[in-house]
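Read off the chains here:
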Amino acid sequence: MAFIIADRLTKTFPGETRPAVDQVSFEIKQGEFVVLLGPSGCGKTTLLKMINRLYEPTSGRLLIDGVDVRSMPATALRRRIGYVIQQTGLFPHLRVEQNIAVVPQLLRWDRARIEARIDELLDLVELPRSYRRRYPRQLSGGEQQRVGLARALAADPSLMLMDEPFGALDAITRARLQEELLRIQQRLHKTILFVTHDVDEALRLADRLLIMRAGRIVQFDTPLAVLAEPADDFVRDLLGADDVLRRLSLLTVADALASDGMNGDHTAHGIQETLNPGDNLREALIRVLRSGGRPLPVVENGRQLGRISPDIIASALTRKTHALPD
Amino acid sequence: MRYLIDNFPYVLSLIGQHLVMSGLSLAIALVIALPIGIVCARVARLRNLVLGILGVIYTIPSLSLFVLLIPFTGLGLRPAVIALVAYAQLVLVRNVVVGLTGIDPAIVEAARGMGMTAAQRLWRVELPLALPIILAGVRVAMLSIIAIGTIAAFINAGGLGLLLFDGVRSSNPEKIIAGAVAVSALAISANGILWLIEQRVFQATRGVTGTKN
Ligand SMILES: Nc1ncnc2c1ncn2[C@@H]1O[C@H](COP(=O)(O)OP(=O)(O)OP(=O)(O)O)[C@@H](O)[C@H]1O
Ligand SMILES: [Mg+2]
């Protein structure tokens with residue numbers, strides 16, 4: 001059974017006529033990375049906050065791991081869900097170690113276990129252990145967000161809610177944190193609901209994109225599927241789905257070779273540039289163009305698997321985006 | 001100055017009385033103001049009403065408030081402390097409210113989102129973060145208590161006001177000067193000590209101290 005089941009979840013704020021979230025239903029599997037995307041005011045934050053009951057739904061039902069969230073005290077529920085927000089919300093009067101220890105303390109872990117966990121988490125988010133004694137004010141924005149992530153992971157929740165966690169960071173810091181979040185996700189298999197305004201961030205992180213507009217879900221599918229077949233013009237515009245490079249960045253060299261039937265010649269060409277099967281096609285296209293449009297060999301473990309030419313990239317693009325794998 | 005030197009033990013005992021009266025008043029005032037302030041910070045509709053009432057109390061001339069209390073309490077320390085507690089409420093409650101409502105909403109949301117109960121949030125997050133502003137209120141309240149406390153001598157509550165009233169009655173400027181100097185010294189030291197505490201707390205709660213605990 002799905003890990004999270006939302007059944008006609010609705011939130012109408014007092015004094016409002018239009019619901020902020022309107023009859024939203026969806027299912028999310030354990031370990032899925034779901035990115036919520038949509039214009040400002042469409043209800044992403046409201047939806048997220050109904051999951052940890054910072055907002056109580058006006059109507060509808062929400063099950064996590066088969067249990068109705070209203071069947072347990074809100075505080076007990078929240079201690080089992082990691083929560084990360086853009087402003088970090090770190091406690092300025094507590095040191096990094098004390099910030100990280102908050103939820104384990106609420107759960108009455110013993111001292112030794114908490115101490116060990118703090119070190120483990122600092123390692124995980126790649127902060128030096130010497131930062132334990134620092135205050136949030138003594139950290140950069142990116143470091144603060146790492147502490148925020150460590151704090152949310154502290155009691156090892158299986159579900160993480162993240163509301164534009166990297167929204168206030170510069171592009172380079174954001175890219176590094178995205179990478180680390182993916183790495184952490186691959187290691188820990190958390191179920192993650194992640195809100196962002198940044199389309200590239202969404203495409204990069206998401207197993208599935210949940211696209212909202214005016215309180216409703218307009219499309220909920222894999223990035224590739226959403227790019228290839230946007231539900232309507234709104235989604236197309238929101239994602240820049242016509243952007244060829246964006247679509248290419250979701251395909252790999254291996255995808256292109258598979259659909260091309262491996263018809264390259266296998267003779268060695270001396271010293272020349274090669275591609276890896278795992279490279280994305282956007283990268284591959286740039287390198288093919290840079291070498292004057294000549295096909296580049298794809299090499300894995302010293303074995304040539306085939307060659308990538310502009311034609312192959314073009315046909316991979318059309319084939320992949322019309323006949324989708326499920 | 002000669003009076004002060006000749007009667008030093010007596011002046012010292014009056015300082016002691018004044019300090020007991022002020023300290024007692026401040027302590028009681030805080031015990032009352034904290035819960036009122038916490039409730040007012042939570043319930044916006046109560047806020048203006050309560051602060052309005054406390055503002056009115058604050059404007060009653062102190063001498064008349066002392067005298068008005070006599071029929072109910074008799075003379076002495078009791079009406080003095082009651083009046084001083086009442087005066088201190090405005091500053092204390094207002095600073096508790098300002099301190100609590102001024103906390104970054106993202107911090108409160110994080111505390112809620114992590115599963116703290118309302119009480120845990122208050123004790124572990126909100127009160128520590130509001131503490132510098134609350135302490136600033138305590139300092140201002142203490143200074144006005146010390147000043148207004150001199151008038152309490154008029155209703156037999158003792159303290160340094162005795163020197164002032166006696167000095168006026170017997171046309172003894174030496175006594176008046178001794179009283180004034182003693183009150184000022186008391187107020188200045190109280191202000192300094194409380195200010196130092198406030199600064200330390202401010203640094204600790206804003207996370208700007210060094211690495212020592
Ligand atoms: N506490 C509240 N009281 C009343 N209305 C609210 C409240 N919070 C949100 N709303 C309204 O509900 C709608 C959805 O808001 P929400 O914060 O969920 O949007 P969002 O998708 O997260 O937007 P953004 O991308 O700007 O963060 C908006 O119209 C907003 O004005
Ligand atoms: Mg939002």
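Please read these numbers as outputs of a predicted model, since none were measured by experiment.

Q: So what exactly am I meant to see when it comes to the overall build of chain B here?
A: Looking only at helices and strands, chain B features 9 helices and 0 strands. C-alpha extents for chain B along the principal axes are approximately 65 × 45 × 20 Å. Residues counted as buried form 47% of the 213 residues belonging to chain B. In chain B, of all internal contacts separated by at least 6 residues, the share reaching a separation of at least 24 is 76%.

Q: So what exactly am I meant to see when it comes to the pattern of salt bridges here?
A: Think of it this way: side chains of opposite charge can pair up when their charged atoms draw near. With the rule as written, the count across this model stands at 28 salt bridges over all chains. Arg208 of chain A is the salt-bridge partner of Glu32 of chain A, the closest N and O atoms lying 2.5 Å from each other. Residue Glu32 of chain A is found in the loop between strand S2 (21-28) and strand S3 (33-37), and its partner Arg208 of chain A is found in strand S9 (residues 208-213); the two are separated by 176 residues along the sequence. The same class applies to Glu32 of chain A as to Arg208 of chain A, namely buried. Lys175 of chain B is the salt-bridge partner of Asp166 of chain B, the closest N and O atoms lying 3.7 Å from each other. For the residue pair Asp166 of chain B and Lys175 of chain B, the accessibility class agrees, reading buried in each case. Several salt bridges converge on common partners, so that one network encompasses Glu97, Arg111, Glu115, Asp119, Asp123, Arg129, Arg132 and Arg133 of chain A.

Q: Would you take a moment to explain the domain arrangement of chain A for this structure?
A: Here chain A is described as being made up of domain 1 (4-239) and domain 2 (248-318). A C-alpha centroid distance of 37 Å is found between domain 1 of chain A and domain 2 of chain A.

Q: What is the right way to look at the packing of aromatic side chains in this model?
A: All names here are of chain A. Within the structure shown, the criterion is met by 6 aromatic pairs over all chains. Summarising the aromatic geometry, the rings of Phe33 and Phe194 are spaced 5.8 Å apart at their centres and angled 50° between planes, so their arrangement reads as tilted. A residue pair is termed long-range when its members are at least 10 positions apart, and Phe33 in strand S3 and Phe194 in strand S8 (residues 191-195) qualify at 161 residues. With a relative accessible area of 0%, Phe194 lands in the buried category. Three or more aromatic residues link up through ring pairs in this structure, and these residues are Phe33, Phe166 and Phe194. Directly above the aromatic system of Phe91 lies the positively charged group of Arg151, at a separation of 4.8 Å from the ring centroid. Over the aromatic face of Phe220 sits the side chain of Arg208, whose NZ or CZ is 4.0 Å from the ring centroid.

Cut-offs applied
- Residues numbered from 1 in each chain as written.
- Chains lettered and ligands numbered in written order.
- Predicted model: local features only at pLDDT ≥ 70, side-chain atom pairs only at ≥ 80, totals over all residues.
- Heavy atoms only, no water.
- Helix = DSSP H or I, 4+ residues; strand = E, 2+ residues; numbered from the N terminus.
- Buried < 20%, exposed > 50% of the residue type's maximum accessible area, 1.4 Å probe, protein only.
- Contact = heavy atoms within 4.5 Å.
- Salt bridge = Lys/Arg side-chain N within 4 Å of Asp/Glu carboxyl O.
- Domains from an automatic or database assignment.
- Phe/Tyr/Trp six-rings, centres within 6.5 Å; stacked < 30°, edge-to-face > 60°.
- Lys NZ or Arg CZ within 6 Å of the ring centre and 35° of its normal.

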